[in-house]
Amino acid sequence: MPPDGPPLSARLAAALALVPRGARLADVGAGHARLALRAVRDGRVPSAVAIDRSAAALDAAANALAGDGGGPSITLRRGDGLLPLAPGEVDAVVCAGLGAAAMVGLLAAGRERLTGVVRLVMVPVGAAYPLRIWLRANGWAPVVERVVYDGGRAYEVVAAAPGDAEAPYRRALRRPGRAPAELPGAYDDALMRVGPVAARRASTDWLRHWRGEVGRWRALAADVRGEGPRADHRRADLSRRAAEVERVVDAAARYNSPSAPSAASDVAPEERGR
Ligand SMILES: C[S@@+](CC[C@H](N)C(=O)[O-])C[C@H]1O[C@@H](n2cnc3c(N)ncnc32)[C@H](O)[C@@H]1O
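What comes next is a walk through the structure.

What counts, and at which threshold
Residues numbered from 1 in each chain as written. Predicted model: local features only at pLDDT ≥ 70, side-chain atom pairs only at ≥ 80, totals over all residues. Pairing = 2+ DSSP bridges. Helix = DSSP H or I, 4+ residues; strand = E, 2+ residues; numbered from the N terminus. Axes fitted to C-alpha atoms, helices over the stretch in contact; angles between N-to-C directions. Contact = placed C-beta atoms within 7 Å. Near = placed C-beta within 6 Å. Nonpolar A, V, L, I, M, F, W, Y, C, P; charged D, E, K, R; others polar. Core = buried A, V, L, I, M, F, W, Y, C linked by C-beta atoms within 7 Å. Buried ≥ 20, exposed ≤ 12 C-beta atoms within 10 Å, placed from the backbone. Domains from an automatic or database assignment. Expected span 1.5 Å × (residues − 1). Arc of directions from axis to C-beta.

### Considering the sheet that holds strand S4 (residues 92-99)
Here's step 1: Overall, mixed pairing links the 7 strands, which are arranged S3-S2-S1-S4-S5-S7-S6 in an open sheet. If you trace the sheet from one side to the other, it starts and ends with strand S3 (74-78) and strand S6 (140-150), each paired once. For this sheet the average axis-to-axis angle between neighbouring strands, irrespective of direction, equals 15°.
Here's step 2: Sheet topology note: the S4/strand S5 (residues 119-125) ladder contains 6 bridges and is parallel. Bridge pairing links Ala-96 to Val-123 in S5.
Here's step 3: Here helix H3 (residues 55-66) sits on the sheet and contacts strand S2 (47-52) and S3; the angle it forms with S3, its principal contact strand, is near 165°.

### Structural notes on the site of the ligand
Here's step 1: Neighbouring the ligand are 17 residues, the closest being Gly-29, Gly-31, Ser-54, Ala-96 and Gly-97.
Here's step 2: Listed by contribution, the elements that provide at least two residues to the shell around the ligand are S2, S4 and helix H4 (100-109).
Here's step 3: For the shell around the ligand, the element with the most residues is S4, which contributes 3 residues.
Here's step 4: Residue classes in the shell around the ligand are distributed as 9 nonpolar, 5 polar and 3 charged.

### Some words on the nonpolar core
Here's step 1: Of all hydrophobic cores here, the largest spans 82 residues; its most connected members are Ala-15, Val-19, Leu-25, Ala-36, Ala-50, Val-94 and Val-248.
Here's step 2: Considering each element in turn, this core owes the most residues, 7 residues, to helix H10 (residues 229-255).
Here's step 3: In terms of domain composition, this core takes at least three residues from each of domain 1 (10-165) and domain 2 (187-263).
Here's step 4: Once residues lying within four places of it in the same chain are set aside, the contact partners of Ala-15 are Leu-35, Val-94, Ala-96, Val-121, Val-123 and Val-157.

### Structural notes on helix H9 (residues 204-223)
Note: α-helices contain 3.6 residues per turn, so residues at a spacing of three or four share the same orientation.
Here's step 1: Along its 20 residues, H9 runs 29 Å from first to last C-alpha, staying within 8% of the 28 Å computed at 1.5 Å per residue.
Here's step 2: Within H9 the residues assigned to the buried category are Trp-206, His-209 and Trp-210. Angularly, the buried residues of H9 cover 90° about the axis, an arc narrow enough to put them on a single face. Those residues of H9 that are exposed and angled more than 90 degrees off the buried face are Thr-204, Gly-212, Gly-215, Ala-219, Ala-222 and Asp-223.
Here's step 3: In this structure, the buried residues of H9 make contact with S6, strand S7 (153-162), helix H7 (187-194), helix H8 (196-201) and H10.

Below, the structure written as structure tokens:
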């Protein structure tokens, strides 16, 4: 093992890179607290609170800290979601390795603990769509979005900040001096699936992931067995979702083709240069 410990997985490294330098950090659902430990050890943050509801996970984290000089700056807390935090205690929150629905649950239950938090960094297992719906409805604007492949699996990395949560959706597929992409009203819902900031950049991994999802939904629709309203509804739902996301992905790819006039980024304009 290298002297500075095992390397972080690609998805955790991507999350850590989006934690503002100098922030007081909370890692919720921290598991073995690898991310918190690395953040403090590298000097990216001065302190971190690692929260987990599992005693076994926190025991493993305590063992890792015992062998590490960064230990004193890391507090381990057992509890549910954001509830072990005091309002104003941290500036940034990372949450990785939970499903988006569980993330929404802990954000909703701990809303007042987000007082003073300037950055959420979320890496759900599975689709981030429910998380984007919650962020948008609660005044959190996605500021950086990426798709990261780790162990052959795609992860959506979403960093959000308090602010105009509508702005990223308004400018997702618009460029100065160019007509907006011609898309139906449902494009707004599709953007919440694929990420409005990520769509501006349309990275190779983002395109690969979402084209794969479109193909998967179509295959699922073709596999729906039986007749009747339930089967019809399921087939129609999967087919519509595939068609809407495909239109958005194709439009994003066109906007970012080599002939597109303006440079694209997966970082929102107000975040650049930080
Ligand atoms: C798969 S592990 C992820 C660990 C680490 N964040 C990572 O991504 O590698 C999920 C962890 O979240 C913890 N967890 C799940 N729901 C939680 C909640 N509501 N509050 C605190 N911890 C939670 C579990 O106990 C588990 O240790």
